[in-house]
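Topology and contacts: notes
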Amino acid sequence: MALRLVSDFDLRKDVLPWLRAQRVASAAAGARGGGPGVLENNYESLRILNVERNGNVIYTYKDNKGNVFFGLYDCQTRQNEHLYTFEKDLHVVSCSVNSDRTLLAASLVHSTKEGRKNELQPGSKCLTLLVEIHPVNNVKVLKAVDSYIWVQFLYPHVESHPLPENHLLLVSEEKYIEKFHIQVIQEDGSRVVIKDSGHLPRERVAEDFVWAQWDMSEQRLYYIDLKKSRSILKCLQFSADEKFNLMFEAPLDITLSDSGFKLVNFGCDDLQDQENLSKHLTLCVFTNHTGSLCVCYSPKFDSWEKFTYSVFYFHKGHGKTFTAALGSVDSHVTKGLTFLNLDYYLAVYLPGHFFHLLNIQHPDLICHSLFLTGNSEVVDMLPHSPLQSLSGSLVLDWCSGKLYRALLNQSYLLQFLWNARLDCEKMAVLHCVLSCGGDRRFLEAKIIQWISENISACHSFDLIQEFIIASSYWSICPETSNMDKLLPYSSVLTWNTEIPGITLVTEEIALPFMKVHSFKGYWEKLNSNLEYVKYSKPHLHYNNSMVRREWHSLISEEKTGRRRSMVYVKNILDNATKVISNLEARNLEPRLTPLFQEEDNHQRLLMGLMVSELKDHLLRHLQGVEKKKIEQMVLDYVSKLLDLVCQIMETGWRKHSLHPCVPHFSGRASAAEFKVFHIMTRILEATKSLFLPLPPGFHTLHTILGVHCLPLHNLLHYIDSGVLLLTETAVTRLMKDLDNTEKNEKLKFSIIVRLPRSEGSGTAFPPTAISTTAGKHSQVEGRMRNLIGQKICRLWDHPMSSNIISRNHVKRLLQNYKKKPPSSVIHKSSFSVEFLPLNYFVEILTDIECSNQALYAFEGHDNVDAKFVEEAALKHTMMLLGL
């Protein structure tokens, strides 16, 4: 199921066998009467009373005579310990043990034969007792009143040595909370007794409240009091020295009755009629290590058709009220609503009806939260018994006496991803899976496998784009505070599609008013979140808009030859080198895909610019983090973006069994190559709109596959629309590998006319305007005068190349030519024709070559001379004349 409940404790397995063993031991020793083992026929009385901060479980049971036994299960040693026995037929309301296990506090009432056993009868008393149990000794009555009392020892955050003073909270049904200060001393060696037990100091902690919740792990007390019919949430933090501070006050837009009274997590609450949980309001507070503060609220249930609940995201400054449709009016609600804390998520579910997994880190868009109705298998597999969410991920199933740790079931969610029908479900589950952590490489491989099978299955968002952004986010953000505000979480910024079965209303809420001015730990993070809500609008999430502008500027300067400082460009390219080195250091396995085999300066510029801009962005907004750590985080983040692209391609390459070398142009493309080409096209679409860098060599490989897989008209359309880029490596390979058949020549001409024109090359023809021979030749010559074109000329054995080479040679020779008196000796060309202008021109070229041979030799083409020019000119003229 979507939730994985890992058992920490089970009364039947961890306690009952020990009790039976105690009975056998007592019988063997000849013991008579009550003992812990006389439970065989009264096991239903065994129940959990409390779970302390250190995880120890306090439980109680009765023997056949009604005597009440208290036991403790140590979660570290997994051993049981008998604490104390009351030899009276009493019902336990509440119980707590101090951290040293020397004192036990218990609140008890008389059991009755008729009616409910936990009702207070007129004139009866609720006794609150403090017992010395190391060893068992004195019993002190703290309270004897007609209202219920709940007890809870405070636990210090450091438990290295016994404390001379203990602190006990007493919560009264009369709506006040007191704190008792209890000093203990040792007598006769190890005997621990209460010092001055007749005069225990106490102080009022809170009063006139209508609701309170105890956070055992963080030692916090949340409570609500009503001021002028307005609900005010307050929080007390108890520190290591057992002092306490009022941390904040926050107004709550909920309706509470002044006559009501509700406690959460003060032991196991069996005073309510559990069969009517659905008729009572539910209210609880959840926090996590990122500084989140959520208040979950569900009013009294009053309709069989819909269920309403609210979540106040104080750390985000807004609240959401959800209304879930229950479907059939015949499906009565017999169970209460359950809220569970799952770290980055909050689970809300109504057994048999719906399951809502709320994203508390990024709650703005409903598509980042998962909602499933009663028709879903996930909902049917959830526990149907009421669960009590304790501190952190601890969950208590009081009906069965089991204590769990509630976690998201990553393997089940991965399976659910394959079966999800709605785009909103795919989006939500993708983020849920990534938030679970674990073996990230394995997890990413599983998601990529799913994406490759469902690459066109989503219509509301781009699967590849969302995966790259989300996975990069989760690879960095958990390590550093406030990164969730600075890095993009999702590629989707708005969501207007309705989600079946649920509606919501979002409202801004008043922020908590912090009552202290010095913060540490959780409070520092919460305060940072609140400050961000107050002062950081619009959002500070990084985007590549600045990188886009700067990159286009650099490319434009490169084309015009007016590039700025070489030091600046070198620093940008050095950033890219660091990214690639960082990526290669983290991935030691050999790659199947032929990437990173060329310089690809344009992608390196994009990479380096992103490193520079992201580093500046984090340095501006990420306070208290060393510059070196930020620089490494930036390298890791950009490396991760590239690595995810490589992983997607590796998966496709491996799945379709392609050769690790670059594909050849010869032969027909296979179905596998076409599928990989399609995947690469989708990767390009995903990264293009976000302006993300691609691995060097990506565009070359993509273009080569395009030439191999696509018909000519499709290929040219892809090039003209910017999907395929004509890189130097791709074009030169094309010219070298393909022969000059009519079909290949047509392809080559079509590619050449799409190369960028050199500066000052004359009129620019559109690629389609090549119907006339003159037009075609003008197009080709204009494109082949640039740097790539000149290299192509040297590789392509074609009259057009000879013509271009000749023109370039003549241009170089005549650049600094000064006319001289005609020579008396005329050198007759071996290929002489009776065309005097050409003869005279060739003689001039020959003369210049002879006098400046070293200076004007054409680089890389020593065989280019006046004779070569003459032959090329004649062939070109004959071609133009159609001879």
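As the structure is a computational prediction, the values presented were derived from the model and not from experiment.

Focus: the nonpolar core
- Counting 151 residues, the largest nonpolar core has Tyr-309, Phe-354, Ile-447 and Trp-495 as its most contacted members.
- One finds Leu-19, Phe-69, Ala-105 and Val-151 within the second-largest nonpolar core, a separate group that totals 56 residues.

Topic: unusual backbone geometry
- Across the junction of His-134 and Pro-135, the peptide omega takes the value -5 degrees, indicating a cis bond.
- Inspection of the secondary structure puts Pro-135 in the loop between strand 7 (126-133) and strand 8 (136-145).
- Positive phi outside glycine occurs at Arg-78, with the angle close to 55 degrees.
- Among the structural elements, Arg-78 can be located in the loop between strand 4 (67-74) and strand 5 (79-97).

Looking at the confidence of the model for the protein chain
- Summary statistics for the protein chain give a mean pLDDT of 83 and a share of 78% for residues scoring 70 or more.
- Mean pLDDT in the protein chain bottoms out at helix 21 (residues 853-856), which sits at 51, and peaks at strand 9 (residues 149-153), which reaches 96.
- In this model, residues 854-862 is a region of pLDDT below 50 whose contacts with residues beyond four sequence positions or in other chains number 14 contacts.

Overview of the environment of Ser-96
- Among the secondary structure elements, Ser-96 is positioned in strand 5.
- A residue is classified by how much of its surface remains accessible, and Ser-96, at 0% relative accessible area, is buried.
- In this structure the C-alpha to C-alpha distance between Ser-96 and Phe-266, which are 170 residues apart in sequence, comes to 9.5 Å.
- Polar side-chain contacts of Ser-96 include one of 2.7 Å to the side chain of Glu-52.

Considering empty space enclosed by the protein
- Per the counting criterion, the structure on display carries 7 cavities of 30 Å³ or more.
- Computed from the structure, the largest cavity encloses a volume of approximately 90 Å³.
- Asn-50, Val-51, Trp-214, Met-216, Asn-265, Gly-267, Cys-268, Gln-388, Leu-390, Ser-391 and Leu-396 are the residues that line the largest cavity.
- Residue composition of the lining of the largest cavity, grouped by class: 6 nonpolar, 5 polar and no charged.

A short note on the pattern of salt bridges
- Taken as a whole, this structure holds 27 salt bridges when the rule is applied.
- The partner of Lys-234 in a salt bridge is Glu-249, and the shortest N-O contact between them spans 3.7 Å. Residue Lys-234 is found in strand 16 (residues 230-238), and its partner Glu-249 is found in strand 17 (residues 244-252); the two are separated by 15 residues along the sequence.
- Take Lys-234: its relative accessible area is 9%, and that puts it in the buried class.
- Between Glu-531 and Lys-534 there is a salt bridge, with its nearest N and O atoms 3.7 Å apart. Note that Glu-531 and Lys-534 are positioned in helix 7 (residues 522-535) at a spacing of 3 residues, about one turn of the helix.
- Residue class for Glu-531 comes out partly exposed when judged on its relative accessible area of 30%.

Thoughts on the pairing of strand 11 (residues 176-187)
- Sheet topology note: the strand 10 (residues 165-172)/strand 11 ladder contains 8 bridges and is antiparallel. Residue pairing for strand 11: Leu-168 is matched across the bridge by Phe-180.
- The loop that links strand 10 with its antiparallel partner strand 11 comprises 3 residues; one of these, Lys-175, has a positive phi angle of about 70 degrees.
- Of the pairings in the sheet, the one linking strand 11 to strand 13 (residues 202-207) comprises 5 bridges and is antiparallel in character. Residue Glu-178 lies in a different strand from strand 13, and its bridge partner there is Arg-204.
- Pairing analysis gives 4 bridges linking strand 11 to strand 12 (residues 191-194), with the strands arranged antiparallel. The residue of strand 12 that forms the bridge with Val-184 is Ile-194.
- Counting the residues between successive antiparallel strands, the hairpin from strand 11 to strand 12 contains 3 residues, one of them, Asp-188, with a positive phi of roughly 50 degrees.

Some points on the packing of helix 13 (residues 698-709) against helix 15 (residues 728-737)
- For the pair helix 13 and helix 15, interaxial distance at closest approach is 8 Å and the crossing angle is 35 degrees. As for how helix 13 packs across helix 15, the hand of that crossing is right-handed. Residues Thr-700, Thr-703, Ile-704 and Val-707 of helix 13 pack against Thr-729, Ala-730, Arg-733 and Leu-734 of helix 15.
- Partitioning the contact of helix 13 with helix 15 into residue classes produces 4 nonpolar, 3 polar and 1 charged.

With respect to the sheet that holds strand 16
- Strand order in this open sheet of 6 strands is 18-14-15-16-17-31, and the pairing throughout is mixed. On the outer flanks of this sheet lie strand 18 (262-264) and strand 31 (513-514), each paired with one strand and no other.
- Two elements, strand 14 (residues 209-215) and strand 18, share 3 bridges in a ladder whose sense is parallel. Bridge pairing in strand 18 links Gln-213 to Val-264.

Looking at the side chain of Asp-636
- Structurally, Asp-636 is set in helix 11 (residues 627-655).
- Classification of Asp-636 by relative accessible area gives buried; the value is 16%.
- At 3.0 Å, the side chain of Asp-636 forms a polar contact with the side chain of Asn-582.
- Excluding residues that lie within four positions of it along the chain, Asp-636 makes contacts with Ile-476, Asn-582 and Arg-586.

What counts, and where the lines are drawn
Residues numbered from 1 in each chain as written. Predicted model: local features only at pLDDT ≥ 70, side-chain atom pairs only at ≥ 80, totals over all residues. Heavy atoms only, no water. Core = buried A, V, L, I, M, F, W, Y, C linked by side-chain atoms within 4.5 Å. Buried < 20%, exposed > 50% of the residue type's maximum accessible area, 1.4 Å probe, protein only. Helix = DSSP H or I, 4+ residues; strand = E, 2+ residues; numbered from the N terminus. pLDDT = per-residue confidence, 0-100. Contact = heavy atoms within 4.5 Å. Polar contact = N/O pair within 3.5 Å; in protein donor to acceptor, adjacent residues only side chain to side chain. 1 Å grid on protein atoms, 1.4 Å probe; cavity = no way out; pocket = protein on both sides within 12 Å on 5 of 7 lines; lining within 4 Å. Points joined across faces, edges and corners; volume = space filled by probe spheres on them. Nonpolar A, V, L, I, M, F, W, Y, C, P; charged D, E, K, R; others polar. Salt bridge = Lys/Arg side-chain N within 4 Å of Asp/Glu carboxyl O. Pairing = 2+ DSSP bridges. Axes fitted to C-alpha atoms, helices over the stretch in contact; angles between N-to-C directions. Left-handed = near helix turned anticlockwise from the far one by under 90°.

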